[in-house]
Amino acid sequence: MIRAQPFLRRNALGLIGLTILFVAVACALAAPYVAPYSPTSISLVARMKPPAWIEGGSLSHLLGTDNLGRDILSRVVHGARISLAVGFAAVILGALIGSTIGILAGYFGGWIDSGLSFLIDVQLSFPFTLLAIFLLATFGGGFWPVVLVLALATWVNYARVVRGKVMSVKGQDFVHAAQTVGVPTLGILRHHILPNAVSPIIVVASFSMAQAILTEAALSFLGVGVDGSNPSWGTMLNDGRSYLQSAWWLTAMPGIAIALTVLGGNLCGDWLQDRFDPRLAR
Amino acid sequence: MSRYLAKRLFMAVLVLFGVSFATFIVGHLTGDPVALMAPENAPQEAKDELRRHLGLDQPLLTQYARFVGRALTGDLGHSFVQGTSVAGLVAERLPATLQLAFAGFVLSLLIAIPLGIIVALKRNTVWDFVVTALAMVGQSAPGFWIGLMLIAVFAVELRLLPVSGYGGFAYLVLPAITLALQSAARLTRLVRASMLEVLGADYVRTARSKGLRERAVLVVHTLRNAMIPVVTMAGLEFAELVSGAFITETIFAWPGVGRLAVTAVYQRDFPLVQGVVLFAAFAFVLINLLVDLLYVAIDPRVKLA
């Protein structure tokens with residue numbers, strides 16, 4: 001009992017972040033069971049109902065209904081599926097691309113490093129979202145195109161951190177020892193270099209998850225995001241925008257869902273960063 | 001100094017070449033502009049003539065070389081849709097973008113710097129907790145959504161300000177606040193962290209232990225050093241505001257470069273998109289270069305190699 005308090009204090013923000021993410025993932029996985037209605041069922045008699053706590057609202061639609069009488073709470077819960085699926089897929093793909101490039105640049109140095117670092121510099125001085133909108137508007141949106149674009153937007157974060165970490169590790173004795181006894185390069189990278197880069201990769205992944213969800217919302221808001229029968233939070237914002245004058249809750253609710261989920265990712269990122277390496281620059 | 005400057009300039013030019021090539025290739029991957037421009041039932045000969053007229057029958061590298069050659073003289077080509085010069089369209093919209101970016105930037109600094117300093121000095125109090133929590137939430141909410149909520153409250157509900165559009169000061173308020181809140185959320189946390197780091201440094205302890213008054217310790221020893229990382233970050237924020245405010249501009253129907261770009265994307269106006277992306281990259285690189293130079297001026301420890 002004496003120890004419990006400092007542990008909670010030190011990890012409070014991280015635990016809040018984990019809880020938020022856990023609830024979001026649970027909603028996404030169990031959406032049909034959690035949501036009171038189908039996200040697409042239309043009810044013309046119950047159109048534009050305000051949330052329950054406002055005059056005219058009712059407990060049967062806690063967060064109100066939209067212009068077609070669809071239940072907002074159900075749509076927000078189902079929207080978690082798309083936002084989180086896009087986020088996770090983008091994080092995995094981005095981490096794969098970025099870590100590979102970071103390891104190659106950091107380990108081999110020389111012209112490989114110069115070339116890859118130049119690529120990183122170009123990417124960082126690029127209004128990338130604009131290019132993403134351009135690509136998606138032309139070739140069409142959808143799940144995988146959006147994931148690919150988000151991975152291309154976030155790989156730099158991994159590459160920079162991993163490159164720095166690898167450069168600091170590769171001069172150490174255990175790497176020299178492995179080289180001396182003739183471990184093949186691929187083996188050194190996999191067994192001696194990569195494990196040291198795992199904690200910074202996890203930290204970047206938390207922040208990138210948050211960034212991916214925000215960017216997906218922006219893309220869907222502009223009408224070039226994940227297109228499908230199920231609502232995404234960004235699409236809901238775009239739909240709700242036309243009714244901002246009369247029904248603010250259409251816009252407010254999905255935005256709160258986005259903000260909470262992103263907050264969860266950011267809190268986890270901050271927490272992991274403090275735990276793994278307090279001096280790791282963001 | 002001049003060697004450093006030359007090196008930085010060389011890198012900036014290289015980066016711009018990289019960006020121009022990337023936009024050029026992407027533009028060409030996105031389909032045949034002739035098919036978009038010509039009426040569907042136009043005869044093949046007419047389409048070929050248009051293609052020749054636009055220089056689209058040349059090899060890719062030739063087209064790229066011509067594009068770069070013209071861009072160097074300030075000629076970014078002509079908009080497919082509007083027929084006018086891209087450089088002219090961008091120049092026409094630039095004042096509105098700069099006006100908004102500048103207003104947002106100044107407001108953001110006015111919020112972030114005092115707030116960050118105060119909560120760093122009142123570390124672990126209720127104020128610190130509230131401000132840090134607000135900054136975290138502000139960083140997590142989509143910027144354009146904050147803008148929509150501001151419209152819902154201040155324009156629709158309270159009817160204090162116009163919903164969107166361009167005109168007098170009243171039209172500037174909401175979009176500027178939208179941009180400022182996003183940027184201030186990031187900067188406040190940075191100012192706080194930077195202040196805390198400097199306050200814990202040996203030279204600050206020395207200054208205190210030799211009996212300097214707290215005010216002198218703060219002003220002479222802490223603030224100046226704590227602002228060094230803030231300058232870099234603030235520069236990046238400004239670059240971001242100039243080159244990346246397109247969703248905010250779109251929501252508020254603000255006639256800036258960002259909204260021009262979004263419209264051009266929807267109309268598949270390939271030279272216009274290319275021009276705007278190139279312009280945004282140029283602005284970004286230029287501002288970063290200026291920030292680096294400023295950095296040298298305020299931090300004498302930076303040795304230029």
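Refer to the structure above for everything that follows.
The rules behind each value
Numbers given for residues are sequential positions, taken from 1 along each chain in its written order. Labels follow written order: the first chain is A, the first ligand is 1, and so on. Note on the predicted model: pLDDT of at least 70 is required for a residue's local features to be given, and 80 or more for side-chain atom pairs to be given and counted; whole-chain, interface and lining totals, by contrast, use all residues. Calculated side-chain values reflect all of the structure's heavy atoms, with hydrogen atoms and water omitted. The helix count covers DSSP runs of H or I at least four residues long, the strand count covers runs of E at least two residues long, and both are numbered beginning at the N terminus. Note on contacts: a residue pair is in contact if any heavy atoms of the two residues lie within 4.5 Å. Using a 1.4 Å probe, accessible areas were evaluated by the Shrake-Rupley method; residue-level cover was limited to the displayed protein chains. Counted as positive: Lys and Arg. Counted as negative: Asp and Glu, with His and the chain ends omitted from the count. We put the charge of a Lys on NZ, of an Arg on CZ, of an Asp on CG and of a Glu on CD. What gets called buried area is simply the loss in accessible area from a 1.4 Å probe that two parts show on being joined, summed for both. A pair is scored as a salt bridge if a Lys or Arg side-chain nitrogen falls within 4 Å of a carboxyl oxygen belonging to Asp or Glu. As used in this structure description, the phrase polar contact means that two N or O atoms lie within 3.5 Å; if the pair is within protein, one of them must be able to donate a hydrogen and the other to accept it, and residues adjacent in sequence are counted only when both atoms belong to side chains. We call a residue buried when its accessible area falls under 20% of the maximum for its residue type, exposed when it is over 50%, and partly exposed in between, using a 1.4 Å probe and counting protein chains only. Each aromatic pair joins two rings of Phe, Tyr and Trp (for Trp, the six-membered one) with centres within 6.5 Å, and gets the label stacked for planes under 30 degrees apart, edge-to-face for over 60, and tilted for any other angle. Two cysteine sulfurs form a disulfide in these notes if their separation is within 2.5 Å. Side-chain atoms within 4.5 Å link the members of a nonpolar core, which is a set of buried Ala, Val, Leu, Ile, Met, Phe, Trp, Tyr and Cys residues.

Caption draft 1: Examining the overall build of chain B more closely. In terms of regular secondary structure, chain B is built from 13 helices and 0 strands. Reading chain B from its N end, one meets helices and strands in the order α-α-α-α-α-α-α-α-α-α-α-α-α. Principal-axis analysis of the C-alpha atoms gives chain B an extent of 85 × 60 × 30 Å. Considering only residue pairs separated by 6 or more positions, chain B has 72% of its internal contacts joining residues 24 or more positions apart. Counting only carbon and sulfur atoms, one obtains 65% of the accessible surface of chain B, whose full area is about 15,400 Å². Here chain B contributes 25 positively and 19 negatively charged side chains, and the mean placements of these two sets differ by 14 Å.

Caption draft 2: Structural context of the interface of chain A and chain B. With 41 residues of chain A at the contact, the number on the chain B side is 45 residues. Carbon and sulfur atoms make up 79% of the surface buried where chain A meets chain B, a total of about 3,600 Å² over both sides. At the boundary of chain A and chain B, one finds 1 salt bridge. For the pair chain A and chain B, the interface holds 5 residue pairs in polar contact (both at pLDDT 80 or more). Those elements that place two or more of their residues in the side of chain A that touches chain B are helix H4 (110-124), helix H5 (128-139), helix H8 (185-221), helix H9 (233-241) and helix H10 (249-276) of chain A.

Caption draft 3: Structural context of the side chain of Asn266(A). The residue Asn266(A) is located in helix H10 in this model. With relative accessibility at 9%, the residue Asn266(A) sits in the buried group. Among all residues touching Asn266(A), those that are not within four sequence positions of it are Phe207(A), Ala210(A), Met136(B), Gln139(B) and Ser140(B).

Caption draft 4: Molecular detail of the packing of aromatic side chains. Scanning all chains against the criterion turns up 9 aromatic pairs over all chains. Relative to Phe108(A), the ring of Tyr107(A) has its centre 5.2 Å away and its plane inclined at 85°; by these criteria the two rings are edge-to-face. Given the relative accessible area of 39%, Phe108(A) is considered partly exposed. For the pair Phe21(B) and Tyr64(B), a centre-to-centre distance of 4.9 Å together with 80° between the ring planes defines the contact as edge-to-face. Placement of the pair is Phe21(B) in helix H1 (residues 2-29) and Tyr64(B) in helix H4 (residues 60-72), with a sequence separation of 43 residues. Clustering of aromatic rings is evident, with ring pairs tying together Phe21(B), Phe24(B), Tyr64(B) and Phe67(B).

Caption draft 5: A look at the state of the cysteines. Residues and elements named next belong to chain A. Tallied over the entire structure, the rule returns 0 disulfides over all chains. Looking at Cys 27, it has no disulfide partner, and the nearest cysteine sulfur is the one in Cys 268, 16 Å off. By relative accessible area, Cys 268 is classed as buried at 5%.

Caption draft 6: Here's a closer look at the nonpolar core. With 126 residues, the main nonpolar core has Ile72(A), Ile193(A), Phe144(B), Ile151(B), Ile247(B), Ile251(B) and Val276(B) as its most contacted residues. The element that contributes the greatest number of residues to this core is H8(A), accounting for 15 residues. Every residue in contact with Ile72(A), bar those within four places of it in the chain, is listed here: Leu63(A), Gly64(A), Thr65(A), Asp66(A), Met236(A), Trp249(A), Leu250(A) and Met253(A). One finds Ala120(B), Leu196(B), Val198(B) and Val230(B) within the second-largest nonpolar core, a separate group that totals 14 residues.

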